[in-house]
Each structure stands twice: as C-alpha cells, then as structure tokens.
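Next come the chains, spelled out residue by residue.
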Amino acid sequence: MASIELRNLSHSYDVIMGKGEKASFSINNLNVRWEDGKAVALLGPSGCGKTTLLNAISGLLKPKAGQVMFNDRDVTMLSTKQRHIAQVFQFPVVYDSMDVFGNLAFPLLNDGFKKNDIRGRVEEVAEILELQDLLKVSAGRLTPADKQKVSLGRGIIRPDTAAVLLDEPLTVIDPKLQWTLRRKLKQVQRRFRITMVYVTHDQHEALTFADVVTVMSKDGKIAQTGTPEELHENPDTPFVGYFIGSPGMNILDCSLTAEGLDFDGFVIPVSDELRSRVSGPGDGLQLGIRPEFICSRLEPENGAVPFTALIIEDTGAYRVLTLTMHDIRIKTRISQAEQVSENDTVWVSFPERHVKIFRDGSRIY
Ligand code: ATP
C-alpha cells in the first residue's frame, strides 16, 4: 500500500452556460498527505470537487496543475492501471454473468497468477468479506450490499494494490445494512492495512469510518485535515466548525473591547490569556462555541445573556433549543429533565475553555 500526497493540485472544467458564457469550476491548489495504511475520509458538501479529486488520484483525470505522489513517487502522468489503484463506485461494478468466485479471481487471472494461489487468495478475501457461502452464486443474483462487497473484494484481491478509493459506496445500500457494511469496510481496512480514501458528504459516515478526515469547502479547497476529535475540538475555520457536529458550531460576529467579547451590545468578560492571544484589531472577529458546551439556565445569572427560546426539537436522547436575541440565533443542547417552553427567557453563558475565536476565516484562539 502507499502513502498519497497531493502537491499544489488544481483542476478546472470549462462549462458552456445558457448564453454561451463560460463558468469554470476548480479544485484549487490542494496540498495534503495521507500516510500509508490509513483510513481517510474526504468530506465536503455536494459539488465541492470530491469526485474530481478522487479521479485525479486514480488517474481517470489528468489535473491541470500539480502533482499526485504515491510513496513520494510522482504518478501524475501514469494510467490508473500503472498506479495499481482500485476504485469502488456508488453503483457496484460486478460481472453479473460470473459467479462470485469468478469475479474475485478475475483480476488475479489477468495478472497471470497460478490457480492454487488464486484459490487461496480468493478464499481469504471471501472469508473476511463473509462471502464464502456465496462463491458459487451468480453475481447478478446478489443483493446490492453483497455486490458492493464483491466490488470491494475485487479491489483488494491484488497484493500490489496501492490504495482503494471509494466514492459514496453506501448510496444504493439499504439503510439498515449501511452500518454493517461500513463496519466491514473498516475491518478489511485494518486487517490488510489498506490505504483507503472514502468520499462522502455525510459527516457521520466520515467520522465513524476514518482515522483522518479531510474536509473540503464549497470553493474546492481543503479546509482542514485531522482526526475526528481534532476537527471537533479545534476546527481551523468557522466552516469546519459548522460543518462538523450535529448541530454544528455556533458562529457569532463579535469584537474584543476593553470590557470583553462584545456581540450585539452584550459583553462577556475574558481572561488575560485569551486577550493576549487575540492580537491585532479588536473588531471583525467571530466567536465559535459548540451547542453542547453552552450553559443555559432559566434564572438570571452574573455574566449570562438573555435569549428567547424559539424552537425546541426533541431528538430522544436530548433536546436542541434554538435561541434568539435581536438578529442572533444560536443552538444549544439541553437534557430531557430541563423544563423549557417556547418564548421562555433563557440565560446563556459561554465557558471560555470551549470558546474559539476566528479572524478572516481562520482560528486564532
Ligand atoms: P457530489 O457530492 O455531488 O458528487 P462532488 O463534491 O463529488 O459532488 P464533483 O463531482 O467533483 O463534486 O463536481 C464538482 C463540480 O464540477 C460540480 O459543479 C460539477 O458540476 C462539475 N463537474 C464535474 N465533472 C465535470 C465535467 N466532466 N465537466 C464539467 N463540469 C464538471
């Protein structure tokens, strides 16, 4: 398996619009390194360029600029076959007329492996994917979930596969089976120490699957790469803070004055440490805080800000409160035990250890 690195990778499509004008979409100057044997998720909103990036890694697409490196070797101009990449798509790609054994054996037959070696390898892969009982079944008769397992099996069966790239592989799978199949993917990834890059727009899928998640923003840039915990605890940008988490991080415009952090005329006092780390002009800042870290009470409290309860959503385990004050809206989580009704005044404070400060789209505290 291989490490994958993108160096200043860019690509754009020129599209003819209604009146003949051109619009161009690009992935912009992407730089990232994913270590060998890691489970990587590439996460971002629809249309941000995830598939474009995946195709540049596999060699299906030649980027307009930059390099794709496998194990520090430049493979940008190599074909998919020369890169030894396996790809699993949204719709399973299997030979319907062949049985499962034939499908799994096919890549090895093409590479001239001996019959006995093929049987051993097919049985090993079938066992881990729990396909042993289906080896003689025609692939056309399988469920979509089993077909997707066969697709994955064909990808990992070659011993020289450099990486497996998966583009939203659970889309056509029955929701009840998605969890099982994702667990299986992770198990296979760990057992064979495969470098796997898993594309999804679903943060839950990304965070439960990956060791490392790369988040892309709508403008085709990499916003941040980190472990699920790093992305949750220390988002580099307001976008990552909001995109990760359910609900996402609250982001409030604010400024730092002599009294403290001021948003819309309300001031919360801050420590000397925060003040010393937020250097430069005091205005044009954004405060970020996750809903679960906001303290909310029905009684007034020193330093707390009065909001009005607008919406109360029950998720079963906890409730999500949407609170307003003037033009500001925030979300907070409360337990089932707390008695709150719509239009109640809720006193809110932001514990400083959970507060993030952003300037010009980047975290400075
Ligand atoms: P999704 O999650 O919806 O699949 P994505 O993040 O994978 O989206 P891409 O499929 O890479 O995004 O597409 C990024 C942008 O590039 C989109 O606006 C898409 O319409 C455009 N695009 C993709 N392929 C082409 C192409 N071959 N020609 C022109 N535009 C394209």
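For the structure, check the block above.
1. Examining the pattern of salt bridges
Thinking step 1. On inspection of all chains with the given rule, the structure shows 16 salt bridges.
Thinking step 2. The residue Arg7 makes a salt bridge to Glu5 at a minimum N-O spacing of 3.3 Å.
Thinking step 3. Overall, the relative accessible area of 30% leaves Arg7 in the partly exposed class.
Thinking step 4. Through salt bridges with shared partners, a single ionic network connects Glu5, Arg7, Arg33, Glu35 and Asp72.

2. Quick look at the nonpolar core
Thinking step 1. Leu104, Val122, Leu152, Val164, Leu166, Met196 and Val213 are the most contacted members of the largest nonpolar core, which totals 45 residues.
Thinking step 2. Those residues in contact with Val122 that lie beyond four places of it in its chain are Phe101, Leu104, Ala105, Leu135 and Ile157.

3. As for the environment of Asp327
Thinking step 1. Within the secondary structure layout, Asp327 lies in the loop between strand E17 (319–325) and strand E18 (328–334).
Thinking step 2. Judged by relative accessible area, Asp327 falls into the exposed class, the value being 79%.
Thinking step 3. For the pair Asp327 and Thr161, spaced 166 residues apart in sequence, the C-alpha to C-alpha distance is 54 Å.

4. Digging into the side chain of Arg121
Thinking step 1. Counting through the fold element by element, Arg121 comes out in helix H4 (residues 115–128).
Thinking step 2. A polar side-chain atom of Arg121 sits 2.8 Å from the main-chain carbonyl oxygen of Ile156.
Thinking step 3. Not counting the four nearest positions on each side in its chain, Arg121 is found in contact with Leu108, Ile156, Ile157, Arg158, Pro159 and Phe192.

5. Quick notes on the sheet that holds strand E21 (residues 362–363)
Thinking step 1. Pairing is antiparallel in the open sheet, where 6 strands are placed in the order E13-E12-E11-E14-E20-E21. In this open sheet, the two strands that pair with only one neighbour each are strand E13 (266–268) and E21.
Thinking step 2. Inspection of the sheet shows strand E12 (residues 261–263) paired to E13 by 3 bridges, in the antiparallel sense. Bridge pairing in E13 links Leu261 to Ile268.

6. Looking at the packing of aromatic side chains
Thinking step 1. By the definition in use, this model includes 4 aromatic pairs.
Thinking step 2. Centroid distance Phe239 to Phe243: 5.3 Å. Interplanar angle 15°. Geometry classified as stacked. Remark: Phe243 and Phe239 occur in helix H9 (residues 238–243); sequence separation between them is 4 residues, near one turn of the helix.
Thinking step 3. Geometry around Tyr318 places Arg333 over its ring, the cationic atom sitting 4.0 Å from the centre.

7. Digging into the packing of H4 against helix H6 (residues 175–192)
Thinking step 1. For the pair H4 and H6, interaxial distance at closest approach is 10 Å and the crossing angle is 135°. The orientation of H4 relative to H6 falls into the category oblique. Along its contact with H4, which presents Arg121, Glu124 and Ile128, the element H6 presents Lys184, Gln187, Val188, Arg191 and Phe192.
Thinking step 2. Here the residues of the contact of H4 with H6 sort into 3 nonpolar, 1 polar and 4 charged.

8. Remarks on the site of the ligand
Thinking step 1. Around the ligand sit 12 residues, and of these Ser46, Gly47, Lys50, Thr51 and Thr52 come closest.
Thinking step 2. Taking Gly49, its main chain carries an N or O atom lying 3.0 Å from an oxygen atom of the ligand.
Thinking step 3. Side-chain polar atom of Lys50 to an oxygen atom of the ligand: 2.9 Å apart, as the coordinates give it.
Thinking step 4. In isolation the ligand offers 630 Å² of accessible surface; the protein chains occlude 58% of this area.

9. Topic: a nonpolar patch on the surface
Thinking step 1. Taken together, the side chains of Leu60, Phe89 and Val93 present a nonpolar region at the surface, about 260 Å² in accessible area.
Thinking step 2. Secondary-structure assignment places Leu60 in the loop between helix H1 (50–58) and strand E4 (65–70).
Thinking step 3. Judged by its relative accessible area of 52%, Leu60 is exposed.

10. Brief notes about unusual backbone geometry
Thinking step 1. Residue Pro247 is bonded to the preceding Ser246 through a cis peptide linkage, with omega at -5°.
Thinking step 2. Looking at the element boundaries, Pro247 is found in the loop between H9 and strand E11 (250–256).
Thinking step 3. Within the chain, Asn29 stands out as a residue other than glycine whose phi angle is a positive 45°.
Thinking step 4. Considering the arrangement of structural elements, one finds Asn29 in strand E2 (residues 22–34).
Thinking step 5. When its relative accessible area of 47% is taken as the criterion, Asn29 is described as partly exposed.
Thinking step 6. A positive phi angle, close to 55°, is found at Glu130, a residue other than glycine.
Thinking step 7. Note that Glu130 resides in the loop between H4 and helix H5 (144–156).
Thinking step 8. Given a relative accessible area of 51%, Glu130 falls into the exposed group.

Cut-offs applied
- Residues numbered from 1 in each chain as written.
- Predicted model: local features only at pLDDT ≥ 70, side-chain atom pairs only at ≥ 80, totals over all residues.
- Heavy atoms only, no water.
- Salt bridge = Lys/Arg side-chain N within 4 Å of Asp/Glu carboxyl O.
- Buried < 20%, exposed > 50% of the residue type's maximum accessible area, 1.4 Å probe, protein only.
- Core = buried A, V, L, I, M, F, W, Y, C linked by side-chain atoms within 4.5 Å.
- Contact = heavy atoms within 4.5 Å.
- Helix = DSSP H or I, 4+ residues; strand = E, 2+ residues; numbered from the N terminus.
- Polar contact = N/O pair within 3.5 Å; in protein donor to acceptor, adjacent residues only side chain to side chain.
- Pairing = 2+ DSSP bridges.
- Phe/Tyr/Trp six-rings, centres within 6.5 Å; stacked < 30°, edge-to-face > 60°.
- Lys NZ or Arg CZ within 6 Å of the ring centre and 35° of its normal.
- Axes fitted to C-alpha atoms, helices over the stretch in contact; angles between N-to-C directions.
- Parallel < 35°, antiparallel > 145°, perpendicular 65-115°, else oblique.
- Nonpolar A, V, L, I, M, F, W, Y, C, P; charged D, E, K, R; others polar.
- Near = heavy atom within 4 Å.
- Areas by Shrake-Rupley, 256 points an atom, 1.4 Å probe, with all protein chains shown as cover.
- Patch = residues over 30% accessible without salt bridge, like charges linked within 9 Å, V, L, I, M, F, W, Y side chains within 5 Å.

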